[in-house]
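Read off the chains here:
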Amino acid sequence: MASPMRSLFTDPDRYLQSFRLFLANSTEHQCMQEFMESQLPAVIASIGNGKSTINILSVGGGAGEIDLVILSKVQARYPGVTINNDVIEPSADQIVKYKERVAKTSNLENVKFTWHEETAYEYESRMNAEKKSKKWDFIHMIQMLYYVKDVPATIRYFHSLLEAQAKLLIILVSGTSGWETLWKKYKSSFPLDDLCSYVSSADIKRMLDSAGLKYQLHELPSHMDITSCFIEGNKDGELLLDFLTETSEFSKTAPPELKRQVMEDLRKPECSEQRDGKVLFNNNLSVIVIEP
């Protein structure tokens, strides 16, 4: 009998709903912002040396929350320099949010934004078709490598677009996170389609080592409050469970035994810690900065 379980990506509205709830319930953006405040200035310290224009490519820029923090750091390092900020983002809804955020932000006079409503692969195909290979001073791919079909090829392609003193910055879940535990165990049980694959910093490290690329790795501690997942019938809990399993309506469609095992594992120390009556899922992230 065919399983009624469907990938969360077949339902873009529910995916965005669960994603936004994940952001609200986790320290995802806070820990990235702390990294941008404390560590990013050193990463970008020489990307614009001697340049009158700095070209930045945001791959999977989402609604722009983190992009604007990055831009503020580049502006602080290179005051008054013109910045071209190109954004590749397939979700029209996210681009609308991004544009609204830009409109509300001051001090962006010297930044020119261009949005490309397409996937990273569509962008690469379009550039190849147009025989263009624009070079960039800074490229970042934040929490998006799960959504590409060929991870090594995607990294190779964008790495090939780096200027001589540029950097490629990748953020994704850490090999030490609860995601690693959950996904390594249940990958074959969840209805993954070709829209999403599980990949962590451990996989990226292996790829970069075998390609002989130079990089630095930073670990960012983060957690997500999943207490509501254990309250039967709680709407937020059901959405977060969908996000964790990448399954639409997991609570209603998962076979009872699979659901029981997943709920049990989510409480275990390999996935979460219990603190002050809350269940906090380990959402640790890794930042990988790759040299040209």
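Residues numbered from 1 in each chain as written. Predicted model: local features only at pLDDT ≥ 70, side-chain atom pairs only at ≥ 80, totals over all residues. Heavy atoms only, no water.

Caption draft 1: Molecular detail of the pairing of strand β2 (residues 53-59). The buried count for β2 comes to six of seven residues, which makes it a mostly enclosed element. Here β2 pairs with strand β3 (residues 82-88) via seven bridges, running parallel. Residue pairing for β3: Leu57 is matched across the bridge by Asp86. The parallel pair β2 and β3 is bridged by helix α4 (residues 65-77), and the resulting crossover is right-handed. Two strands pair when backbone bridges link them, and β2 and strand β5 (residues 136-142) are joined in this way by four bridges, in the parallel orientation. (Buried < 20%, exposed > 50% of the residue type's maximum accessible area, 1.4 Å probe, protein only. Helix = DSSP H or I, 4+ residues; strand = E, 2+ residues; numbered from the N terminus. Pairing = 2+ DSSP bridges. Right-handed = clockwise from strand over helix to strand, strands pointing away.)

Caption draft 2: Structural view of the sheet that holds strand β10 (residues 272-275). In spatial order, the strands read β8-β11-β10; together these three strands make up an open sheet with antiparallel pairing. With one partner strand each, in any of the chains shown, β8 (223-225) and β10 form the two edges of the open sheet. In this sheet, neighbouring strand axes are inclined to one another by 30° on average, regardless of whether the strands run parallel or antiparallel. (Axes fitted to C-alpha atoms, helices over the stretch in contact; angles between N-to-C directions.)

Caption draft 3: Representation of unusual backbone geometry. Notably, Gln143 is not glycine yet its phi reads approximately 50°, a positive angle. When you line up the elements, Gln143 lands in the loop between β5 and α7 (151-159). Residue class for Gln143 comes out buried when judged on its relative accessible area of 15%. Its identity is not glycine, yet Glu249 carries a phi of approximately 55°, on the positive side. In this fold, Glu249 is placed in the loop between β9 (247-248) and α11 (250-253).

Caption draft 4: Representation of the sheet that holds β3 within the structure. Read from one edge to the other, the open sheet built from seven strands follows the order β4-β3-β2-β5-β6-β12-β7, with strand pairing classed as mixed. For this open sheet the edge positions go to β4 (111-116) and β7 (215-220), each flanked by a neighbour on one side alone. Neighbour-to-neighbour, the strand axes of this sheet turn through a mean angle of 15°, independent of strand direction. Direction of pairing for β5 relative to strand β6 (residues 162-173): parallel, over a ladder of six bridges. Bridge assignment links Ile139 to a residue of β6, and that residue is Leu168. Sheet contacts for α7: β2, β3, β5, β6 and β12 (285-290); angle to β6, the most-contacted strand, approximately 150°. (Contact = heavy atoms within 4.5 Å.)

Caption draft 5: How the structure looks around the side chain of Ser174. Structurally, Ser174 can be placed in the loop between β6 and α8 (178-186). Judged by its relative accessible area of 0%, Ser174 is buried. If sequence neighbours within four positions are ignored, Ser174 has contacts with Glu180, Ser200, Ser201, Glu219, Asn284, Leu285 and Ser286.

Caption draft 6: Layout of the nonpolar core. Leu145, Phe158, Trp179 and Leu244 are the most contacted members of the largest nonpolar core, which has 95 residues in total. With eight residues, β6 is the single largest residue contributor to this core. Once residues within four sequence positions are removed from consideration, Leu145 is found in contact with Val151, Thr154, Ile155, Ile170, Ser197, Val199 and Ile204. (Core = buried A, V, L, I, M, F, W, Y, C linked by side-chain atoms within 4.5 Å.)

Caption draft 7: Representation of the pattern of salt bridges in the model. Per the counting criterion, the structure on display carries 21 salt bridges. For Asp242, the salt bridge identified is with Arg14, shortest N-O distance 2.5 Å. Here Asp242 is found in helix α10 (residues 235-245), whereas its partner Arg14 is found in helix α1 (residues 12-25), with 228 residues between them in sequence. Across the pair, Arg14 and Asp242 agree in class, each one buried. Glu163 serves as the salt-bridge partner of Lys51, at 3.7 Å between the closest nitrogen and oxygen. Here Lys51 is found in the loop between α3 (40-43) and β2, whereas its partner Glu163 is found in strand β6, with 112 residues between them in sequence. In this structure Glu163 comes out as partly exposed when scored by relative accessible area, which is 26%. (Salt bridge = Lys/Arg side-chain N within 4 Å of Asp/Glu carboxyl O.)

Caption draft 8: Summary view of the packing of aromatic side chains. Taken as a whole and judged by the stated rule, the model has 21 aromatic pairs. Ring geometry for Phe22 and Phe243: centres 4.6 Å apart, planes at 20°, overall stacked. With Phe22 in helix α1 and Phe243 in helix α10, this residue pair connects regions lying 221 residues apart in the sequence. Comparing Phe22 with Phe243 shows no difference in burial state: the two are buried. Between Tyr123 and Phe158, the ring centres sit 6.2 Å apart and the planes meet at 20°, which makes this aromatic pair stacked. Placement of the pair is Tyr123 in helix α6 (residues 120-129) and Phe158 in helix α7, with a sequence separation of 35 residues. Here Tyr123 matches Phe158 in class, with each residue buried. The cationic tip of Lys134 hangs over the ring face of Trp136; the distance from NZ or CZ to the ring centre is 4.8 Å. A cation over a ring is seen here: Arg267 above Phe230, with NZ or CZ 4.1 Å from the ring centre. (Phe/Tyr/Trp six-rings, centres within 6.5 Å; stacked < 30°, edge-to-face > 60°. Lys NZ or Arg CZ within 6 Å of the ring centre and 35° of its normal.)

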